[in-house]
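# Descriptive analysis of the structure
Here is what each chain is made of, one letter per residue.
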Amino acid sequence: MNLKPLGDNIIVKQAAAETQTKSGLYVPEAAKEKPQRGEVLAVGAGKLNRNGDRIPMDVAVGDTVIYSKYGGNEVKIEDEEYVILKSDQIYAIVG
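For the structure given in this document, a descriptive report is provided here. (Residues numbered from 1 in each chain as written. Predicted model: local features only at pLDDT ≥ 70, side-chain atom pairs only at ≥ 80, totals over all residues. Heavy atoms only, no water.)

On to the environment of D58, then. Along the chain, D58 turns up in the loop between β2 (37-43) and β3 (64-67). Exposure remark for D58: the relative accessible area of 73% places this residue in the exposed category. For the pair formed by D58 and D88, sequence separation is 30 residues and the distance between their alpha carbons is 9.8 Å. (Helix = DSSP H or I, 4+ residues; strand = E, 2+ residues; numbered from the N terminus. Buried < 20%, exposed > 50% of the residue type's maximum accessible area, 1.4 Å probe, protein only.)

Laid out in structure tokens, this is it:
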């Protein structure tokens, strides 16, 4: 992947949508919900504060995160789909 996020942007590889419920039922393609979980692939340098200093990012490459359902921009590069998010669109790191 040749994407380098700028500022406080983060590139996430979206997790696959669930194909089966916990009870064993298969979910049809039209009913699948957009996942809100993914793996961080790249992190920008961070946002600048009023003094021009960089604010460190809360996430790192390799973290699994939960993010806003309708947040970010989806992009497709070399047949792979990614989501570019702002740091404030990420709600939690899955530990």
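Let us look at the layout of surface pockets. Volume-wise, the largest pocket comes out at about 180 Å³. If one sorts the elements of the lining of the largest pocket by residue count, strand β6 (residues 90-94) sits on top with three residues. The residue makeup of the lining of the largest pocket, split by class, is eight nonpolar, one polar and three charged. (1 Å grid on protein atoms, 1.4 Å probe; cavity = no way out; pocket = protein on both sides within 12 Å on 5 of 7 lines; lining within 4 Å. Points joined across faces, edges and corners; volume = space filled by probe spheres on them. Nonpolar A, V, L, I, M, F, W, Y, C, P; charged D, E, K, R; others polar.)

On to the pattern of salt bridges. Following the criterion strictly, the structure yields three salt bridges and no others. One salt bridge in this structure joins D8 and K86, with 3.3 Å as the shortest N-O distance. Of this pair, D8 sits in the segment before β1 (9-14) while K86 sits in strand β5 (residues 80-86), and the two are 78 residues apart along the sequence. Residue classification places K86 among the partly exposed positions, given a relative accessible area of 38%. What you see here is one network of salt bridges that share partners, running through D8, K47 and K86. (Salt bridge = Lys/Arg side-chain N within 4 Å of Asp/Glu carboxyl O.)

Okay, the sheet that holds β6 next. Judged by pairing direction, the sheet is antiparallel, and its six strands sit side by side in the order β4-β5-β1-β2-β3-β6 without closing on themselves. Unpaired on one side and paired on the other, β4 (73-77) and β6 mark the two borders of the sheet. Geometrically, the sheet is characterised by an average inter-axis angle of 40° between neighbouring strands, direction not taken into account. Two elements, β3 and β6, share four bridges in a ladder whose sense is antiparallel. By the bridge assignment, I66 is partnered in β6 with A92. (Pairing = 2+ DSSP bridges. Axes fitted to C-alpha atoms, helices over the stretch in contact; angles between N-to-C directions.)

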